[in-house]
Amino acid sequence: SQTIHQWPATLVQPVGSPLSLECTVEGTSNPNLYWYRQAAGRGLQLLFYSVGIGQISSEVPQNLSASRPQDRQFILSSKKLLLSDSGFYLCAWSKTGGTEAFFGQGTRLTVV
Amino acid sequence: SQQGEEDPQALSIQEGENATMNCSYKTSINNLQWYRQNSGRGLVHLILIRSNEREKHSGRLRVTLDTSKKSSSLLITASRAADTASYFCATDNGDTGRRALTFGSGTRLQVQP
């Protein structure tokens, strides 16, 4: 069966520090991968999605970047965090050509 | 406003009552999905309805889709306290062919025991 791992679950980082959130998927090949951000009490905003290794589409210009160094690994990064980067970050995957998305448990990031 | 807007934003009902949530969207779609999110957790897929379907059932869930009005509704019958969660609709984009889902802002459902 397929599983998705996202870590850490919570993170408190100072303004100006770097960020690296990692997401890995097991049990499937060539998944589509997604990073979403959710503000408190709001819906999900798509940040990045990837259809293959090294292929990243950015949805919203921002202080973040994403990379896919391996087929089932998706990394969200920032060189210097801003207060506005605080939020709940969710990684998700779907099958190639599929429609249903499977989500990780999320990372709550607080920038102080 | 966003593709996929749910209403109401919040809903409080008693156990045993039915809960109805609505969603509107802007683009053409291939399918519409509903997800559930427990507080502070990831989203879980509930049900998918294709653009050529008008109604779909899964257990206590009933979803309708009206593509002419670009709207959908999710009905949870005989609600339970465990149904307390936020519910989101999500759509792909039939205009651009993009499969990445766009989510609405959600309905927070509180079921009182």
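Since the model is a prediction, treat every value here as computed from it, not as a measurement.

About the thresholds
- Residues numbered from 1 in each chain as written.
- Chains lettered and ligands numbered in written order.
- Predicted model: local features only at pLDDT ≥ 70, side-chain atom pairs only at ≥ 80, totals over all residues.
- Heavy atoms only, no water.
- Salt bridge = Lys/Arg side-chain N within 4 Å of Asp/Glu carboxyl O.
- Buried < 20%, exposed > 50% of the residue type's maximum accessible area, 1.4 Å probe, protein only.
- Helix = DSSP H or I, 4+ residues; strand = E, 2+ residues; numbered from the N terminus.
- Pairing = 2+ DSSP bridges.
- Axes fitted to C-alpha atoms, helices over the stretch in contact; angles between N-to-C directions.
- Disulfide = S-S within 2.5 Å.
- Contact = heavy atoms within 4.5 Å.
- Buried area = accessible area lost by both parts, 1.4 Å probe.
- Polar contact = N/O pair within 3.5 Å; in protein donor to acceptor, adjacent residues only side chain to side chain.
- Nonpolar A, V, L, I, M, F, W, Y, C, P; charged D, E, K, R; others polar.

*Asks:* Where do I start with the pattern of salt bridges in this structure?
*Replies:* Opposite charge on two side chains lets them pair, provided their charged atoms get close. Applying the stated rule across the entire model yields 4 salt bridges over all chains. The partner of Asp71 of chain A in a salt bridge is Arg68 of chain A, and the shortest N-O contact between them spans 3.2 Å. Since its relative accessible area comes to 3%, Arg68 of chain A is described here as buried. For Arg62 of chain B, the salt bridge identified is with Glu55 of chain B, shortest N-O distance 3.1 Å. What makes Glu55 of chain B partly exposed here is its relative accessible area of 40%.

*Asks:* I keep staring at unusual backbone geometry and nothing clicks. Help me out?
*Replies:* Note: most residues except glycine have negative phi, and most peptide bonds are trans. The residue after Trp7 of chain A, namely Pro8 of chain A, is reached through a cis peptide bond having omega 0°. If you trace the backbone, Pro8 of chain A turns up in the loop between strand 1 (3-7) and strand 2 (10-13). Even without glycine at this site, Asn30 of chain A takes up a positive phi of about 50°. Mapping Asn30 of chain A onto the fold places it in the loop between strand 3 (19-26) and strand 4 (32-38). Within the chain, Lys70 of chain B stands out as a residue other than glycine whose phi angle is a positive 50°.

*Asks:* Help me understand the sheet that holds strand 6 (residues 55-58) of chain B, please; the structure alone is not making it clear to me.
*Replies:* Backbone hydrogen bonds hold the strands of a sheet together, and the pairing may be parallel or antiparallel. Residues and elements named next belong to chain B. Spatial strand order, 1-3-8-7-6: 5 strands in an open sheet with antiparallel pairing. Two strands close off the open sheet at either side, each with one partner strand: strand 1 (5-7) and strand 6. This sheet shows a mean twist of 20° between the axes of neighbouring strands, independent of strand direction.

*Asks:* Sorry, what's going on with the state of the cysteines here?
*Replies:* Defined simply, a disulfide is a covalent bond joining two cysteines at their sulfur atoms. Applying the stated criterion across every chain, the model contains 2 disulfides over all chains. The partner cysteine of Cys23 of chain A in its disulfide is Cys91 of chain A, sulfur to sulfur 2.0 Å. Residues Cys23 of chain A and Cys91 of chain A are joined through a disulfide that is left-handed, its torsion about the S-S bond being -75°. In this pair, Cys23 of chain A is assigned in strand 3 and Cys91 of chain A in strand 9 (residues 87-94), connecting sequence segments 68 residues apart. By relative accessible area, Cys91 of chain A is classed as buried at 0%. The disulfide partner of Cys23 of chain B is Cys89 of chain B, and the gap between their sulfur atoms is 2.0 Å. Between Cys23 of chain B and Cys89 of chain B the disulfide shows an S-S torsion of about 65°. By sign, it is right-handed. Residue Cys23 of chain B is located in strand 3 (residues 19-24), and its partner Cys89 of chain B is located in strand 9 (residues 85-91); the two are separated by 66 residues in the primary sequence.

*Asks:* Teacher, can you tell me more about the side chain of Ser17 of chain A here?
*Replies:* Note that Ser17 of chain A resides in the loop between strand 2 and strand 3. Among residues more than four places away in sequence, those in contact with Ser17 of chain A are Lys79, Lys80 and Leu81 of chain A.

*Asks:* Can you help me understand the interface of chain B and chain A in this one?
*Replies:* Many analyses report the size of an interface as the accessible area lost when the parts associate. Tallying the contact residues gives 20 residues for chain B and 21 residues for chain A. Carbon and sulfur atoms make up 49% of the area that chain B and chain A hide from each other, which totals about 1,700 Å². Our count for the contact surface shared by chain B and chain A stands at 0 salt bridges. Run the count over chain B and chain A and you get 6 residue pairs in polar contact (both at pLDDT 80 or more). Elements with a contribution of two residues or more to the side of chain B that touches chain A: strand 4 (31-37) and strand 5 (43-50) of chain B. Considering every element that reaches the side of chain B that touches chain A, the biggest residue donor is strand 4 of chain B, with 4 residues. Here the residues of the side of chain B that touches chain A are counted per class, giving 7 nonpolar, 9 polar and 4 charged.

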